[in-house]
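# Report on the structure
Single-letter residue listing:
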Amino acid sequence: MSSVTQAPVTVPGAQGHTDGAGAFVPVQTRSERFHSFDPDAFEAPTGREVNWKHTPIDRLQPLFADETGRHGVIEVDITAPESLVQERLAHDAAPRGEVFRPEDLPSAIAWKQETEAPLLRIPAGAEYSEPIMVNLRGTGGLAHAHVVIEAEPNSHATVVFRHTGSAHHAQNLEIIVRDGAHLTVVSVQEWDDDAVHAASHQARVERDATLRHIVVSFGGGVVRVNPSVELAGTGSRGELYGLSYSDAGQHLESQVYLHHKGAETVGDVLYKGALQGSAARSVWIGDVLIGPDAVGTDSYEANRNLVLTDGARAESIPNLEIQTGDIRGAGHASATGRFDDEQLFYLQARGISEDEARRLVVLGFLAEIIQKIGIAEIESELYSAVEEELARVVAR
């Protein structure tokens, strides 16, 4: 299939570089990032690359090895309507590869290793009132996966991925939202403390279609979920939301890319995170590109972080690139801080204890993202998870 032709390995950015005389300038713009379906086109990350410099490379080492015969450590259970089409796609079977382009070594290995990628296709015009639940439980070891979701024209559905257990997991998620479709994809990471999860989610949204993409990361030692969404069709809409709660020793990361390509597109990006405990860390990098043909674009991205204890650190880097002057509006914002003393004072002045006041502030801060999920059972579980995390702060 022509859409999966491998990119040449000589493109700048594919190989390592130095800062010495004569070295080329590394690619900084997300739209120009190197991609290839061949793992051999990528060198193992060193931590100096622009897309890896905020990631604990040493903890991801198992995901950089292109080894076979080590699969089958992720147990999969899918609950879905009977009309959902489930198939397996070889490397050259459409629509696999229609959208996805590996941008790093783990995603290229996952593409190669997954010889028969699962396809979840929502039929044209179908409206699912209940979510499609994909439960993935790690049983240890190394696993690579490539999954394709296709929402056919004018369909409406929600797909939820829930990750539990333990694994070193490299995951590709390819999302195609056809004309007039409305798709919500929720990825919840509730891994055990020793799990490592590096995911690349790439999506294209066509004419008058909407994608709501939500990332929720609570568990896992290192979790790196990077969504990339192209608003290709006129009138398409992308809503990218994220929630993370990083505890002692956890690294939770998302590098978000929203590309406004078609005219009259709308983008809304909002990620929120809370951090507590020694060496708790979160990383958020947001890139928005408004292309030369994206006239009438309305786009905004923001990241907010609440640091609850000493020793925690949040890194937040918003980027905005505009290639046309004919837009409705575009902006970005980032804020990281501790509790608002005025909020605490207000609550304590009304007889609320300090611990309870802190609990209410954190719940109120994170509730904005939790409520966007729209699935009562999951929302309730996430509120409970936040309560458990806050109890650890009080216990300290």
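Everything in this summary refers to the structure shown in the same document.

### Some words on the overall build of the chain
What the chain contains, in helices and strands, is four helices and 16 strands. The C-alpha atoms of the chain give a radius of gyration of 21 Å, which matches the 21 Å a tight globule of 396 residues would have. Dimensions of the chain, computed from the C-alpha atoms along their principal axes, are close to 65 × 55 × 50 Å. Residues classed as buried in the chain amount to 55% of the 396 residues present. In the chain, the proportion of contacts linking residues at least 24 apart, taken out of those at least 6 apart, comes to 85%. Here the chain has roughly 16,200 Å² of accessible surface; of this, 47% comes from carbon and sulfur atoms. Taking the average location of the 32 positive side-chain charges in the chain and that of its 58 negative ones, the two points are 3 Å from each other.

### Here we look at helix 1 (residues 105-113)
Among the nine residues of helix 1, eight are classified as buried, and the element is accordingly described as predominantly covered. For helix 1, the complete set of buried residues consists of L105, P106, S107, A108, I109, A110, W111 and Q113. Residues of helix 1 that are buried sit in contact with strand 4 (132-151), strand 5 (156-177) and strand 7 (196-205).

### Regarding the side chain of R178
Mapped onto the elements of the fold, R178 is located in the loop between strand 5 and strand 6 (182-190). Exposure remark for R178: the relative accessible area of 15% places this residue in the buried category. A polar contact is formed between the side chain of R178 and the side chain of E206, at a distance of 3.0 Å. The contact partners of R178, leaving out residues within four places of it in the chain, are P95, E98, E150, A151, E152, P153, R204, E206 and A209.

### A few points about the side chain of E174
Position of E174 among the secondary structure elements: in strand 5. For the buried E174, no salt bridge exists, and the shortest N-O distance to an oppositely charged side chain is 5.6 Å, to R96. Of note is the side chain of E174, whose polar atom sits 3.1 Å from the backbone nitrogen of E98. Sequence-distant contacts of E174, defined by excluding residues within four places in its chain, comprise P95, R96, G97, E98, V99, F100, W111, H146, V147, V148, I149 and Q202.

### A short note on unusual backbone geometry
Residue P95 is bonded to the preceding A94 through a cis peptide linkage, with omega at 5°. Located in the positive-phi region is D208, a residue other than glycine, with phi close to 55°. Considering the arrangement of structural elements, one finds D208 in the loop between strand 7 and strand 8 (210-219). Classification of D208 as partly exposed rests on a relative accessible area of 46%.

### Digging into empty space enclosed by the protein
Take a probe with the size of a water molecule and roll it over the atoms, and the empty space left behind shows itself. Within the structure shown, the criterion is met by three cavities of 30 Å³ or more. The space that makes up the largest cavity amounts to roughly 150 Å³. If you trace the largest cavity, you find 18 residues lining it, with S244, L252, S254, Y271 and V283 closest to the centre. Only strand 8, strand 10 (237-246), strand 11 (251-260), strand 12 (266-275), strand 13 (281-290) and strand 14 (298-307) provide two or more residues apiece to the lining of the largest cavity. In terms of residue class, the lining of the largest cavity is made up of seven nonpolar, eight polar and three charged. Of the voids in this model, the second largest cavity is the one considered here, and its volume is about 80 Å³.

### Quick word on the pattern of salt bridges
Any two side chains of opposite charge can pair if their charged atoms end up close together. With the rule as written, the count across this model stands at 26 salt bridges. Ionic pairing is found between E239 and R237, a salt bridge with its closest N-O pair at 2.7 Å. Here E239 falls in the buried class, since its relative accessible area comes to 9%. A salt bridge links R328 to E264, with the shortest nitrogen-to-oxygen separation between them at 2.8 Å. Of the two residues, R328 sits in the loop between strand 15 (313-322) and strand 16 (329-337) while E264 sits in the loop between strand 11 and strand 12, which places them 64 residues apart along the sequence.

About the criteria used
- Throughout, residues of each chain are indexed from 1 in the direction in which the sequence is written.
- With the structure being a predicted model, the display of local features is reserved for residues of pLDDT at least 70 and the display and counting of side-chain atom pairs for 80 or more, all residues being used for whole-chain, interface and lining totals.
- Only hydrogens and water are set aside when side-chain values are computed; all heavy atoms of the structure are taken into account.
- Note on conventions: DSSP H or I runs of at least 4 residues are helices, E runs of at least 2 residues are strands, and numbering of each starts at the N terminus.
- Throughout, radius of gyration means the C-alpha value; the globule benchmark is 2.2 Å times the number of residues raised to the power 0.38.
- Using a 1.4 Å probe on the protein chains alone, a residue whose accessible area is under 20% of its type maximum counts as buried, one over 50% counts as exposed, and one in between counts as partly exposed.
- Pairs of residues are marked as contacts when any of their non-hydrogen atoms sit within 4.5 Å.
- Note on areas: these come from Shrake-Rupley sampling with a 1.4 Å probe, and a residue is covered only by the protein chains present in the view.
- This count recognises Lys and Arg as positive and Asp and Glu as negative, with His and chain-terminal groups excluded.
- Here the site of a charge means NZ on Lys, CZ on Arg, CG on Asp, or CD on Glu.
- Here a polar contact means two N or O atoms within 3.5 Å. Within protein one must be a hydrogen donor candidate and the other an acceptor candidate, and residues neighboring in sequence count only if both atoms are side-chain atoms.
- Should a side-chain nitrogen of Lys or Arg be within 4 Å of a carboxyl oxygen of Asp or Glu, the pair is scored as a salt bridge.
- Cavity means a closed set of points on a 1 Å grid over the protein atoms alone, one where a 1.4 Å probe fits but cannot get out, pocket means an open set with protein on both sides within 12 Å along at least 5 of 7 lines, and lining means a residue has an atom within 4 Å of a point.
- Grid points are joined across faces, edges and corners, and a volume is the space filled by probe spheres set on the points.
- Residue polarity follows a fixed list, in which Ala, Val, Leu, Ile, Met, Phe, Trp, Tyr, Cys and Pro are nonpolar, Asp, Glu, Lys and Arg are charged, and the others, Gly among them, are polar.

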